[in-house]
Amino acid sequence: MEYNFRKIEADWQKYWAENQTFKAENPALSGVEGNSTKPKYYVLDMFPYPSGAGLHVGHPLGYIASDIYARYKRHKGFNVLHPQGYDSFGLPAEQYAIQTGQHPAITTEENIKTYRKQLDKIGFSFDWSREVRTSDPNYYKWTQWIFTQLFNSWYNKTTDKAEDISTLIAIFSSEGNSEVKAACDADIEKFSSEEWKNFSEEKQQKILLQYRLTFLSETEVNWCPGLGTVLANDEIVNGVSERGGHQVIRKKMMQWSTRITAYAQRLLDGLAKIDWPQPLKDSQTYWIGRSEGAMVSFDVIASETKQSHKIEVFTTRPDTIFGVSFMTLAPEHDLVSIITTPEQKETVEAYVKATAKRSELERMADVKTISGVFTGAYALHPFSGKKVPIWIGDYVLAGYGTGAVMAVPCGDQRDYDFAKHFNLEIPNIFEGIDISEGAYADKENSVITNSDFLNGLPYKKALKRIIHEIEQEGFGYGKVNYRMRDAVFSRQRYWGEPFPVYYKNGLPQMIDLKQLPIVLPEVEKYLPTEDGKPPLGNATIWAWDTIKLEVVSNQLIDNKTVFPLELNTMPGWAGSSSYFNRYMDPENTEEFVSKEAVNYWQDVDLYIGGSEHATGHLLYSRFWQKFLFDKGLVPVDEYAKKLINQGMITGTSAYVYRWEFGKGNDSEMAKKTIFVSKPIMERITKERSTIEHTDKKVISDQVDLLTFCDTNSSEKEWSSFTPIHADVSFVNASDELDIEAFKNWRTEYKDAEFILEDGKYICGREVEKMSKSKYNVVNPDQICEEYGADSLRMFEMFLGPLEQSKPWKTSGISGVLSFLKKLWKLYIVENKFSVSDEEPSKEEFKILHKTIKKVEEDIENFSFNTSVSTFMIAVNELTALKCNKRAILEPMAILLEPYAPHISEELWKNLRHTTSISAVDFPVFEPKYLVESMKEYPVSFNGKMRFKIALPLDISVKEIEDAVMAHEKTQEQLKGREPKKVIIVPGKIINIVG
RNA sequence: GCCUCGAUGGCGGAAUUGGUAGACGCGCUGGAUUCAAAAUCCAGUUUUCGCAAGGAAGUGUGGGUUCGAUUCCCACUCGAGGUACCA
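A brief structural summary. Everything numeric here is computed off the predicted structure, so don't read it as measured data.

What counts, and at which threshold
- Residues numbered from 1 in each chain as written.
- Chains lettered and ligands numbered in written order.
- Predicted model: local features only at pLDDT ≥ 70, side-chain atom pairs only at ≥ 80, totals over all residues.
- Heavy atoms only, no water.
- Patch = residues over 30% accessible without salt bridge, like charges linked within 9 Å, V, L, I, M, F, W, Y side chains within 5 Å.
- Areas by Shrake-Rupley, 256 points an atom, 1.4 Å probe, with all protein chains shown as cover.
- Salt bridge = Lys/Arg side-chain N within 4 Å of Asp/Glu carboxyl O.
- Helix = DSSP H or I, 4+ residues; strand = E, 2+ residues; numbered from the N terminus.
- Buried < 20%, exposed > 50% of the residue type's maximum accessible area, 1.4 Å probe, protein only.
- Arc of directions from axis to C-beta.
- Pairing = 2+ DSSP bridges.
- Axes fitted to C-alpha atoms, helices over the stretch in contact; angles between N-to-C directions.
- Contact = heavy atoms within 4.5 Å.
- Lys, Arg positive; Asp, Glu negative; His and termini not counted.
- Phe/Tyr/Trp six-rings, centres within 6.5 Å; stacked < 30°, edge-to-face > 60°.
- Lys NZ or Arg CZ within 6 Å of the ring centre and 35° of its normal.

**Observations concerning a nonpolar patch on the surface**
A grouping of Ile 983, Val 985 and Ile 989 is seen on the molecular surface, where their side chains present a nonpolar patch of about 190 Å² in accessible area. For Val 985, the position within the fold is in strand 37 (residues 981–985). The partly exposed category is assigned to Val 985, whose relative accessible area is 35%.

Below, the structure is given as structure tokens:
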């Protein structure tokens, strides 16, 4: 009986699908008795974007890990929710549509089919009955709905949560807005309740828009007129578009944003209660960028303008306020045009224009060039009363703080550089600090001087005192600032969620849940329209009829009852921000998720996915969860208790070396293509002289091309090697190239010549990211076909720690396959499946229980690589003992099931069980089998192990010492010396010093 | 620049609170089986000296703490990822 993995795996995959083995029940809904008494456990993977390239072996790594854990938890008696779905809106399908005209929905459907086929082959225990797809209208109905919920909410800072907009309207009607503490736009006009009531409906709506959690605002974007679209920062290279090389300008556009900044502090605080990797928490913390400081107002000294203006600045170092010698405004600052004096007007305008042309990215990349101009205006220092010149400079960013800084050149390097460059004053306010070389930014060790009432105070005291003074004098107030910006929520794309929004008199109106989803319209072209509108501008049936409550033809727009619909679509992260909740109740058509379902499943217990989502998906989804929590829709405000970032599996590329040589401009290569085996190539390049004088003959025996070496005019010679990727499938475990396969690969290599060594061509190897262009992609289907899914699963785990990135090398997989074969043989006697019911020996029990203990600990610690070794050791030991006993082999099959479920099921069936192994209880570890009476002590001399001595474990330290000292090898080591000290750690080690 | 992580044989990696460095697997070497190959099995495999017994060195570098350091502390080098005029 051979281990026929192909048949076994196909059979069990079919069995699981037919019997819905991994379907998770919602107890309250299903009425399935058994499950309601089980505790729940939710294991989630980050759902994939189904790309056209399909899966390579790197993709399933995290899925295998989570599947092992899910299967383990089932053995431990949990009702496990382990769903999977697709994040199926996205750019590649849209770009394919632009190129070919094929509807993205078709592309997506095809890709999903491929993905599903590939995933099924690996034997995951997903509950596919709960599958979600973000591009499915039945799913994005709820994405649209959450958007409307955000629109209908505001953030009340007093209660510190999101509330329905009606509570805000109630406050406005009763007392106006002066006392309202909300997360809202800056500079909202103040009004009384009377004024509110007298405002027009339109004005009221405009005001409310400034408070809503999703709102329209003018946002600066990278606009590319050539492509007619907005580009992300990484789509711009050197100031022009990556595709096409078109000019990119910064332009203000009306865009939807979501007010994630309202949750900045709670997003920060929440990190303390979730078990997520520290580096990931750190990057979220940094991204949120909380800084404490003060807002300070500086009066602009009125000149010809006659009007008084105030410049507000945010500073983290108000204690250095007496060091201010100038101020700098961002070129985009509103006051620039107002305060600039007539004499400076021309210079300033030219500067502003020049900076507007540069992309933000360019400005950030170019840190070294210092530029700026003087406005001609001065501000009044609030404490010293000195005149402070106001400059503009592009090192000040309009988007952070107030877009203006009080410059303290002695304490900030950028201010320092600016002051040096323009020859501005650099007053020193730090006691005993030399600032002739640069600014002094170490706040912990500074004492303030030359600063009036702050003189002699260290940082902390000075900070407290100055904030008090600022507030006392009415110059400003202490403030917490965040780096994080509100998230722009509009995309000028086709393949995304349409907004459930129409415009009445230019004001956005939400479409009611009852009419959702608003389905993506058909368009003829997926490109932006000629007049620069997003792709949905091409749709002809894209208007909202408020009477019929349906989408109708654009021709019917009368702006009375039929209105235009929003043309933007939602960003990629919209659909992924709450999908984990939807899995709990995916077929519910009435609610986003039912109370029963969400109260039962609560939250994700284990979430596995890549760290590249640290400041994207993983931040936005936490924000949405907190919002949904505020609205009472979910019971917890952090949705994932534990998160693990799996590492990347890189490829091991193979290289061949193409040799070109000649004299002067003359290239022999014009005639021939020669590939040189790596060791020879290295010898030629590294030890050229040796080659020419000694090894020449060896090589020239094979190929008559080394005339090159014979020439004496060495200064004219040249020779170079170009490494070229060879497909990894042509290269075996010993790095030998399959020359025939390589020749047949490409026509240009058909007549290639090879310089071999011992008849072999040895390739170079390099670890690189897996990618088509590097010919190092390994397809999991192929691995399953050749080695089986169980081998693939175990090998991926065996590669190394889950979180670590590690290179794939297909050759290694033979090790786990032969392990599985060896395991299989334990259950076979005389070519028949048979186990004995004999009582196992002490030794056999010890092997089993040692394995149970280790594997259980490993799974709990997500140390899957070490449990694969443990299995191998156990099978090696059991094989050595020729163990064939049911009492050992039955629990072994269960232990292995999370890792290699197919073979385990088959063994279980052959052990005469009639149900799936997947729900069987996990074997219980019993310490009694591991109790030892003897210990083989390592005996060290000065920390170096010299020999071992077997001693009983129950003897005293004194007895151990006597036994060791009496040992002949001890005396041999000491050579008559008296030991200075003997250290004995019972059960561990003996160390003799001397 | 800043933040984070990492560095152990030819390769992937192991060593749970400081206690036998190199488990397990790949690769390699030799052998058995075979007409041959595949498959399987056995032995060896950190480097170095030695026929061997045995010795010496050894976890990126340099220090330190300790009876004892891959593990803890300090300084540094290199690599990977993230982030960046954030006031």
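**Side note on helix 12 (residues 278–288)**
Those residues of helix 12 lying buried are Leu 280, Lys 281, Gln 284 and Ile 288. Looking straight down helix 12, one finds that the buried residues subtend no more than 100° of arc, so they occupy a single side. In this structure, helix 12 carries Pro 279 and Tyr 286 as exposed residues pointing more than 90 degrees from its buried face. Following helix 12 by one or two positions, Gly 289 has its phi on the positive side, about 60°.

**A closer look at the sheet that holds strand 2 (residues 79–81)**
Across a sheet, strands are paired by hydrogen bonds formed along the backbone, either parallel or antiparallel in direction. Here 4 strands make up an open sheet; going across it, the order is 2-1-24-25 and the pairing parallel. Edge strands, defined here as strands with exactly one partner in the open sheet, are strand 2 and strand 25 (640–645). Across the sheet, the axes of successive neighbouring strands diverge by a mean angle of 20°, strand direction being ignored. In terms of strand pairing, strand 1 (residues 40–45) meets strand 24 (residues 604–609) through 3 bridges, oriented parallel. Note that in strand 24 the partner of Val 43 across the bridge is Leu 606. Packed on one face of the sheet, helix 4 (residues 60–75) meets strand 1, strand 2 and strand 24 and runs near 170° to strand 1.

**Quick word on the side chain of Lys 806**
On the secondary structure map, Lys 806 appears in strand 32 (residues 806–807). Buried and without a salt bridge, Lys 806 has Glu 803 as its closest oppositely charged side chain, separated by 7.0 Å. When sequence neighbours within four positions are dropped, the list of residues in contact with Lys 806 reads Leu 61, Met 648, Ile 649, Thr 650, Leu 799, Gly 800 and Pro 801.

**Side note on unusual backbone geometry**
Of note, the bond from Leu 516 into Pro 517 is cis; its omega dihedral lies within 30 degrees of zero at 0°. Its identity as a non-glycine residue notwithstanding, Asn 559 has a phi of 55°, on the positive side. Tracing the backbone shows Asn 559 in the loop between strand 22 (550–552) and strand 23 (562–564). The backbone phi angle of Phe 862 is positive, close to 55°, even though this residue is not glycine. Its place among the elements puts Phe 862 in the loop between helix 28 (842–860) and helix 29 (864–880).

**Here's the deal with the pattern of salt bridges**
What the rule picks out here adds up to 44 salt bridges. Measuring nitrogen to oxygen at the nearest pair gives 3.0 Å for the salt bridge that ties Lys 203 to Glu 189. Note that Lys 203 is positioned in helix 10 (residues 201–209) and Glu 189 in the loop between strand 5 (182–183) and helix 9 (193–198), a separation of 14 residues in sequence. Taking relative accessible area as the criterion, Lys 203 reaches 31% and is therefore assigned partly exposed. Judged by relative accessible area, Glu 189 falls into the partly exposed class, the value being 40%. For Glu 857, the salt bridge identified is with Lys 853, shortest N-O distance 3.4 Å. With Glu 857 and Lys 853 both in helix 28 and 4 residues apart, the pair spans about one turn of that helix.

**Brief notes about the packing of aromatic side chains**
Two aromatic rings are characterised by how far apart their centres lie and by the angle between their planes. Within the structure shown, the criterion is met by 76 aromatic pairs. The interplanar angle of 25° and the centroid separation of 5.6 Å between the aromatic rings of Tyr 502 and Phe 563 together place this pair among those described as stacked. Residue Tyr 502 is found in strand 19 (residues 501–504), and its partner Phe 563 is found in strand 23; the two are separated by 61 residues along the sequence. The exposure classification of Tyr 502 matches that of Phe 563, with both residues buried. For the ring pair Phe 864 and Tyr 899, a centre distance of 6.2 Å and an interplane angle of 75° mean the geometry is edge-to-face. One end of the pair, Phe 864, is in helix 29; the other, Tyr 899, is in the loop between helix 30 (886–896) and helix 31 (901–910), with 35 residues separating them in the sequence. Each member of the pair Phe 864 and Tyr 899 is classed as buried. Each residue in the set Tyr 41, Tyr 69, Tyr 72, Phe 78, Phe 862, Phe 864, Phe 871, Tyr 899 and Phe 922 is aromatic and connected to the rest through ring pairs, giving one cluster. The ring of Phe 151 carries the charged tip of Arg 212 above its face, separated from the ring centre by 3.9 Å.

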